[in-house]
2 protein chains.
Amino acid sequence: MDSKTSTFKQQKIAQFEELCRQQRLPKTIQRRVILEAVLDREDHPTADQLFEDVRNRIPGVSRTTVYRGLEALVQLGIVRRANHSDAVARFDGNTDHHHHLVCLGCDRVTDLDDLKLDPIKLPDGRRRGFEIADFSIHFEGYCPECRRKKSKALSPRAGLRREK
Amino acid sequence: MDSKTSTFKQQKIAQFEELCRQQRLPKTIQRRVILEAVLDREDHPTADQLFEDVRNRIPGVSRTTVYRGLEALVQLGIVRRANHSDAVARFDGNTDHHHHLVCLGCDRVTDLDDLKLDPIKLPDGRRRGFEIADFSIHFEGYCPECRRKKSKALSPRAGLRREK
DNA sequence: CTGCCTGCAAACGATTTGCACCAGC
DNA sequence: GCTGGTGCAAATCGTTTGCAGGCAG
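Here goes a summary of the coordinates provided.

As for the protein's contact with DNA strand C
At step 1: DNA strand C sits among 22 residues. The nearest are T28(A), T65(A), R68(A), Y67(B) and A89(B).
At step 2: Sugar plus phosphate, as a fraction of atoms of DNA strand C within 4 Å of the protein: 69%.
At step 3: The separation between a phosphate oxygen of DNA strand C and a polar main-chain atom of K27(B) is 3.5 Å.
At step 4: Y67(B) has a polar side-chain atom sitting 2.3 Å from a phosphate oxygen of DNA strand C.
At step 5: Residue assignment for the surface near DNA strand C shows that the elements contributing at least two residues are α2 (29-39) and α4 (63-76) of chain A together with α4 (63-76) of chain B.
At step 6: Residue contributions to the surface near DNA strand C peak at 4 residues, all from α4(B).
At step 7: Class assignment for the residues of the surface near DNA strand C results in 8 nonpolar, 7 polar and 7 charged.

Brief notes about unusual backbone geometry
Residue and element names in this part refer to chain A.
At step 1: One non-glycine residue with positive phi stands out, namely R24, at about 55°.
At step 2: For R24, the position within the fold is in the loop between α1 (3-22) and α2.
At step 3: By relative accessible area, which is 75% here, R24 ends up exposed.

Focus on the pattern of salt bridges
At step 1: In total, this model carries 24 salt bridges over all chains according to the counting rule given.
At step 2: Between R57(B) and E36(B) there is a salt bridge, with the nearest N and O atoms lying 3.4 Å from each other. With R57(B) in helix α3 (residues 47-57) and E36(B) in helix α2 (residues 29-39), the pair connects residues that are 21 residues apart, well separated along the chain.
At step 3: R41(B) serves as the salt-bridge partner of D43(B), at 3.1 Å between the closest nitrogen and oxygen.
At step 4: By relative accessible area, which is 25% here, R41(B) ends up partly exposed.
At step 5: Salt bridges sharing common partners tie together K9(A), R32(A), E36(A), D40(A) and R57(A).

Considerations on the protein's contact with DNA strand D
At step 1: Around DNA strand D, the surrounding shell holds 21 residues, and the nearest of these are Y67(A), A89(A), T28(B), T65(B) and R68(B).
At step 2: Protein-adjacent atoms of DNA strand D, using a 4 Å cutoff, are sugar or phosphate at a proportion of 71%.
At step 3: Contact between DNA strand D and A89(A): a phosphate oxygen at 2.6 Å from a main-chain N or O atom of the residue.
At step 4: Within the side chain of T65(B), a nitrogen or oxygen atom sits 2.5 Å from a phosphate oxygen of DNA strand D.
At step 5: Ranked by residue count, the leading element in the surface near DNA strand D is α4(A), at 4 residues.

Section: empty space enclosed by the protein
At step 1: Under the defined criterion, the tally for this structure stands at 2 cavities of 30 Å³ or more.
At step 2: Considered as a void within the structure, the largest cavity measures approximately 60 Å³ in volume.
At step 3: In terms of lining, the largest cavity is formed by F16(A), C20(A), L25(A), P26(A), K27(A), T28(A), R31(A), G69(A), A72(A), L73(A) and L76(A).
At step 4: Elements that contribute at least two residues to the lining of the largest cavity include exactly α1 and α4 of chain A.
At step 5: For the lining of the largest cavity, the element with the highest residue contribution is α4(A), accounting for 4 residues.
At step 6: When its residues are assigned to classes, the lining of the largest cavity shows 7 nonpolar, 2 polar and 2 charged.
At step 7: Roughly 40 Å³ of volume is contained in the second largest cavity.
At step 8: Lining of the second largest cavity is provided by F16(B), C20(B), L25(B), P26(B), R31(B), A72(B), L73(B) and L76(B).
At step 9: Elements that contribute at least two residues to the lining of the second largest cavity include exactly α1 (3-22) and α4 of chain B.
At step 10: In terms of residue count, α4(B) provides more of the lining of the second largest cavity than any other element does, 3 residues in total.

With respect to the sheet that holds strand β5 (residues 131-142) of chain B
At step 1: Spatially, β4(A)-β3(A)-β5(A)-β5(B)-β3(B)-β4(B) is the arrangement adopted by the 6 strands of the open sheet, whose pairing is mixed. A single partner strand is all that each edge strand has here, and the edge strands are β4 (109-112) of chain A together with β4 (109-112) of chain B. Across the sheet, the mean angle from the axis of one strand to that of its neighbour is 30°, orientation sign disregarded.
At step 2: Note that strand β3 (residues 99-103) of chain B and β5(B) share 4 bridges and pair parallel. Each bridged residue has a counterpart across the sheet, and for H100(B) the counterpart in β5(B) is H138(B).

Structural notes on the environment of D134(A)
At step 1: Tracing the chain through its elements places D134(A) in strand β5 (residues 131-142).
At step 2: Each C-alpha atom, one on D134(A) and one on E18(A), is 25 Å from the other, the two residues being 116 residues apart in sequence.
At step 3: Each residue touching D134(A), except ones within four places of it in the same chain, is listed here: R80(A), H97(A), H138(B), F139(B) and E140(B).
At step 4: Of note is the side chain of D134(A), whose polar atom sits 2.8 Å from the side chain of H97(A).

How each quantity is defined
Residues numbered from 1 in each chain as written. Chains lettered and ligands numbered in written order. Predicted model: local features only at pLDDT ≥ 70, side-chain atom pairs only at ≥ 80, totals over all residues. Heavy atoms only, no water. Near = heavy atom within 4 Å. Polar contact = N/O pair within 3.5 Å; in protein donor to acceptor, adjacent residues only side chain to side chain. Helix = DSSP H or I, 4+ residues; strand = E, 2+ residues; numbered from the N terminus. Nonpolar A, V, L, I, M, F, W, Y, C, P; charged D, E, K, R; others polar. Buried < 20%, exposed > 50% of the residue type's maximum accessible area, 1.4 Å probe, protein only. Salt bridge = Lys/Arg side-chain N within 4 Å of Asp/Glu carboxyl O. 1 Å grid on protein atoms, 1.4 Å probe; cavity = no way out; pocket = protein on both sides within 12 Å on 5 of 7 lines; lining within 4 Å. Points joined across faces, edges and corners; volume = space filled by probe spheres on them. Pairing = 2+ DSSP bridges. Axes fitted to C-alpha atoms, helices over the stretch in contact; angles between N-to-C directions. Contact = heavy atoms within 4.5 Å.

This is how it looks when you write it as structure tokens:
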């Protein structure tokens, strides 16, 4: 929205085009729009949500194209797969270092950019021969909405049903 | 295997029976065995792997029962869903505080019990009204196996295909 | 031209659901 | 006996694949 965000988006798109050139991949409108759709969202949309978003801009796209485009963007390292506990694939245009707030009530995941946390000593790197490149912290707790529900009804732990 | 592990298992099972009593749920053999199957594994098995394990002990079980049993155990808070990036559900009998090593090459997730990390200051708890109950750190990197592959071929980033 | 990308329809695999029956309490 | 668990088969849902064009380089 503001210029900062906008610049970020520009950069990502430039990065995408750059990679296409490097790898001699045709840069199609579809994939550009798919990337834009991911970048336009703050949350971690599912492939289907993105399909809807893309379809608003390119009425004829097929679901397959969106799925394949997303996969391609992941391969290029421009977007990330976001791992929620539901079974559907989710994507995240923010490939920078950031952390997550995971709600134990509704399973929603929000990004957390507070980086006072960063100076954690990346430890035991070579433990078990594992080479650590980065890390992110999952904070588990309850989002405002679920806190309210929780205080009202201590009981049932609204099932882990999928959101739709 | 050793007495410590064994005790842990006992406790979990006791906890399960306790919860069944509290909530007036019948405690069936199937669910007990499902729980045991989860506890007997160190990794994060898929529902289908657990189905196989359970079937070895109760030849007649249906896949449905295992799925439903696992769901029930998750609801009871005895086992956790483990979030990998592949599309299949995975489960984890270790509900204690622990961290994860996530391989960017093969997406495998391993538990990390090194708790020198624990004294991290749980910060900004009330940020956005989010109530933080716990946290876990995802270390992203490359497991020994993928490091080897990576050093040989810098190129293709073996696709994110499912393991089977 | 050549190769990757697209769209469609069909296939697929994991998970869920409806229903009749059976088992704990 | 009532309630919830089980097993089976069918349905569902997200995702992938095969194939025939189409388009970017």
